[in-house]
Amino acid sequence: MTTRAANEKLIMDASEVSRALTRIAHEILERNKGTRELALVGIRTGGVHLAHRLAKRIQEIEHAKVPIGELDITLYRDDLSLRKEQPILKTTHVPFNIADLKVVLVDDVLFTGRTIRAAMDGLIDLGRPAEIQLAVLVDRGHRQLPIKATYIGKNIPTAGDEVVQVFLEEDGEEDRVVTRQGLQNS
Amino acid sequence: MSFKHKHLLSVAPLSADEIMLILETADSFKEVSGREIKKVPALRGKTVVNLFFEPSTRTRTSFELAAKRLSADVINFSPSNSSVVKGETLLDTARNIEAMQADIIVLRHPAAGAAETLARGVKSSVINAGDGWHEHPTQALLDLYTLREKKRNFNGLRVAIVGDVAHSRVARSNIHALTKVGAEVRVVGPRTMMPFGIERLGVRMYDNLDEGLRGVDVIMMLRLQLERQGRALYPTIREYSRLYGLTAERLKLAEAGALVMHPGPINRGVEIAPDVADSFSSVILDQVTNGVAVRMGILYLLSGANQ
Amino acid sequence: MTILIKGGQVVDPGRVNGPADVLIENGKVTAVGQKLKAPADATVVDAAGRGVMPGFIDLHVHFREPGFEYKETIQSGTAAAVAGGFTSVCCMPNTSPVNDNQSITEFILEKARAAGNANVFPVGAITKGSEGKELAEIGDLRRAGCVAISDDGLPVMNSLVMRRAMEYAIAFDVPVVDHCEDLHLSEGGCMNEGFVSTQLGLPGVPAAAEDVMVARNLALAELTGARLHLAHLSTAGSVRMVRDAKSRGIKVTAEACPHHFMLTEEAVCGYNTHAKINPPLRTWADVQAIKDGLRDGTIDVIATDHAPHATQEKQQEFAAAPNGIVGLETAWPLTLTLVEEGVLSLEAAVAKLTTEPARAFSLQKGTLAPGADADVAIADLRESWEVDPARFRSKSRNTPFAGWKVKGRIRTTIVGGRVVYETP
């Protein structure tokens, strides 16, 4: 059962999310000329499900398996020394050598860019990839670092204090992207 | 669930959930320890001071490596006994060290309660790396981590702790930790090595090793402090070894596949027969690797901003 | 100087217990009675609503001088004494050098005279240097002014030496005081051996370490017929043995300290060095036994074992910190808790601080009988106040009772007819 808050504004519904991911899958294949030396790494937690979906679509299109990794960026956050209690860690699981691969980082929402900075540092500690690309379902603007996505599902102009949330079936929700007034995205 | 303690002084006040959180946090760091680049920037700009009033290369090295893999700056400080005798108190020493802006002080000290005394007197977080006979919490947590890898489930796990429990901080910390997570703990040894009222910590006492080992899943052998001979805890090493030494024959009394652990260094042929020691050396190496991961986890959890 | 203490409740154990005035002339009590007339030159002290008692006597204090003046001096120690209502104190010989000869005794008495607070009665050493080997010159010590002999803090382990000390002391009629502790059983220990020591990982001192020495000392007192005084009993076993010994006519007196009837070993939790005392704080059952012993007279005397230590010494790790707490300025309210709990009547409680200690050490003190030295303590019985070590007269602050709300407060202390203390 899916519940929706009253002040939610629907930005993408399930079919829009699906079409966006299909398009991104095609763009990834096009840009990288197939799946050779290609890997997907989802950023925990939102990016992990999306990475799996992209891999599935790529396999449907190209009949080739792309290795998938999961990256927890907590240890690379730039605000650790400012927090009183440290966030709970989740495990990084990248079961292949990323050296010389073209790695597509996958995340749900691109906002300040700080998560992606941390993810790139985390990734490079695992090895030296040939290239890092970035796929996001939503780009909501307000960048604080010079970071730009390679693949974007949808650009959404937002106010700084608006919240953008991506809900996915894997978490028992109906696929959708919504915005809400109020609390800042964390 | 979050970790709200500023210090890690003992296992006694931790809840089972907090113990599990430490172990789960250590999982992340075990993954880091398996990488080519075994370093993460989580404690960048933090200073960890290893303050060791007793020599212990293994524990100190493990903490040093853990801190360095978290990108902290590490200072090792081993006050010589002479300066302590001269009347500089623990707190004097610690305040000097704090002036170096230490965020975390890792303390090994021969006096029980030293870590608690220190924690009261300084602003830094304090990790107890062994205080007298009191506790050695990181050792117990790494023992639990290793057990969890080998045995998965703590509930109903039968563990025998064998040897000089009275004078062992490792035994005290393990008794607290194991009973909290649901294991069934026995302590085995002569009464000279059992502290008053130990059963009230939720353990059963055995003075016969064969009975104590029957049906256990895990055997933790404590190191016999050979220097205590002549203090009437046991008559001779020969007799102790005969009555309380772990042999291949006795190991058969435990459950098949029982795990043998030892905080090291082993007195081969005293508390453990050489062939038994050889057969479980792999666990000891695991404990070393796990020790770094568990200590990274603890350093990480305690590294929140101090206010 | 003439003082009339008017309108108080006089508690002079065995003599007066009720409203009465006390007249003091030329340093002596000259009259106790209803509605005394104030002589023309008299200073009148209004004691309405207050207890008027013989000044308290503490058989067991450590004043640290000579040798450890940074902890306490005879000046500061006697100032603390009178602030606690104590007009006579017996100071233990474990100074540096040890009070094992006439010149140290004379030094102490001279310092006490100069301080001009409480009367000081030195306790001389049993053995030279309190080393437990050769007897000190007990005759000389006695003549110089020592009222008892003890190697307090360093028990006489050699039973033959103890036997000889008792036999020899008979000639001078001085009580032999022992701190009962078998040093082999207590070796390395720094708190009671029990479940708390197991939890804290601290080496323990079993109750048996005290009990075996109490048993030995009682056996030697029986053998020699000497006067034996047992310091700071802390165990149920000690109380039981002393009770039995008294019933068999052995000449033994015993003391207990307020901390041993107020606190248990639990006070050590958190490695609280202000609860580090020798003999250690024991269990609840021991505390009950001490109270029973006080109630039935097995324990004659309440003494403080006032043992000052500097702050930095108590700030050390538990095992390294020295034993002992200051007690002079908290003894009165803590003793009153026994009255409140019904363990002792007010008169019996006052007796344990006055007549009983005077009897144990044969001091001509502890009474308001006409002709007695005018040593008087005037105290509130009910006023509650908070123990604040920063206000102690003692040089040291090591008390486990800091911040406690207690009842009963010393108001005025008179020594030899002179007001030496008044609550500010």
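Asks: Explanation requested: the overall build of chain C in the structure shown.
Replies: Tallying secondary structure elements over chain C gives 13 helices and 18 strands in all. For 424 residues, the compact-globule estimate of 2.2 N^0.38 gives 22 Å, and chain C sits close to it at 20 Å. The principal-axis extent of the C-alpha atoms belonging to chain C is close to 65 × 45 × 45 Å. When each of the 424 residues of chain C is scored for burial, the buried share is 59%.

Asks: When you look at the interface of chain B and chain A in this model, what are you seeing that I'm missing?
Replies: Accessible area lost during the coming together of the parts is what is often quoted as the interface size. Facing 22 residues of chain B, the contacting portion of chain A comprises 17 residues. Taken together, the elements giving at least two residues each to the side of chain B that touches chain A come down to helix H1 (16–33) and helix H12 (281–302) of chain B. Ranked by residues supplied to the side of chain B that touches chain A, first place goes to H1(B) with four residues. Its residues placed into classes, the side of chain B that touches chain A shows eight nonpolar, seven polar and seven charged.

Asks: What is the right way to look at the sheet that holds strand S5 (residues 158–162) of chain B in this model?
Replies: Either a parallel or an antiparallel arrangement is found when strands of a sheet pair, and the pairing is made through backbone hydrogen bonds. Residue and element names in this part refer to chain B. Pairing within the open sheet is parallel, and its five strands lie in the order S7-S6-S5-S8-S9. This sheet does not close on itself; its edge strands, each paired only once, are strand S7 (203–206) and strand S9 (259–261). Across the sheet, the axes of successive neighbouring strands diverge by a mean angle of 20°, strand direction being ignored. Each of S5, strand S6 (184–188), S7 and strand S8 (218–221) touches helix H7 (residues 169–180); the most contacted strand, S5, lies at about 170° to it.

Asks: Explain the sheet that holds strand S14 (residues 252–256) of chain C here, please?
Replies: Residue and element names in this part refer to chain C. Strand order in the open sheet formed by eight strands is S6-S7-S8-S9-S10-S13-S14-S15, and the pairing between neighbours is parallel. One side of each edge strand has no neighbouring strand; the edge strands of this open sheet are strand S6 (56–61) and strand S15 (301–302). Alignment of strand S7 (residues 86–91) against strand S8 (residues 119–124), held across four bridges, turns out to be parallel. Within S8, the position partnered with Cys91 by the bridge is Pro122. Contacts from helix H1 (residues 74–83) reach S6, S7 and S8 within the one sheet, and its direction differs from that of S7 by about 135°.

Asks: Looking at this structure, how should I read the packing of helix H11 (residues 331–340) of chain C against helix H12 (residues 346–353) of chain C?
Replies: Packed helices, taken two at a time, are described by the angle their axes make and the gap between the axes. All names here are of chain C. One way to put it is that H11 packs onto H12 with a least axis distance of 9 Å and a crossing angle of 145°. Once H11 is placed against H12, the crossing between them reads as right-handed. Of H12, the residues touching H11 (which contributes Thr335, Leu336, Leu338 and Val339) are Leu346, Ala349 and Leu353. Counted by class, the contact of H11 with H12 contains six nonpolar, one polar and no charged residues.

Asks: When you look at the interface of chain B and chain C in this model, what are you seeing that I'm missing?
Replies: If you look at the interface, chain B gives 21 residues, while chain C gives 18 residues. For the side of chain B that touches chain C, the secondary-structure elements that each account for two or more residues are helix H4 (90–98), helix H5 (114–121) and H7 of chain B.

Asks: I would appreciate a short explanation of the confidence of the model for chain C in the present structure.
Replies: Reading fine detail from the predicted coordinates is not recommended where pLDDT is low. Overall, the predicted model of chain C reaches an average pLDDT of 97, with 100% of residues at or above 70. For this predicted complex, the interface confidence comes out at an ipTM of 0.92, alongside a pTM of 0.90.

Thresholds, definitions, all that
Positions within a chain are numbered from 1, following the residues in the order the chain's sequence is written. Chain letters and ligand numbers both follow the written order, the letters beginning at A and the numbers at 1. Whole-chain, interface and lining totals are the exception, using all residues; otherwise, since this is a predicted model, local features are given only for residues with pLDDT of at least 70 and side-chain atom pairs are given and counted only at 80 or more. Helix and strand assignments come from DSSP, with helices taken as H or I runs of at least 4 residues and strands as E runs of at least 2, each series counted from the N terminus. The globule rule used for comparison is 2.2 Å times the number of residues to the exponent 0.38, while the radius of gyration itself is calculated over C-alpha atoms. Three exposure classes are used, based on other C-beta atoms lying within 10 Å of a residue's own C-beta, which is placed from the backbone: buried for 20 or more, exposed for 12 or fewer, and partly exposed in between. Residue pairs are scored as contacts if the distance between their C-beta atoms, which are placed from the backbone, is within 7 Å. Side-chain classes are defined by residue name, with Ala, Val, Leu, Ile, Met, Phe, Trp, Tyr, Cys and Pro counting as nonpolar, Asp, Glu, Lys and Arg as charged, and the others, Gly among them, as polar. Between any two strands, at least two bridges found by DSSP are needed for them to pair. Note on method: axes are straight lines fitted to C-alpha atoms, helices fitted across the in-contact stretch only, with angles between N-to-C directions ranging 0 to 180 degrees. A clockwise turn of the near helix away from the far one marks a right-handed crossing, whereas an anticlockwise turn of less than a right angle marks a left-handed crossing. Confidence of the predictor in every single residue is expressed as pLDDT, which spans 0 to 100.

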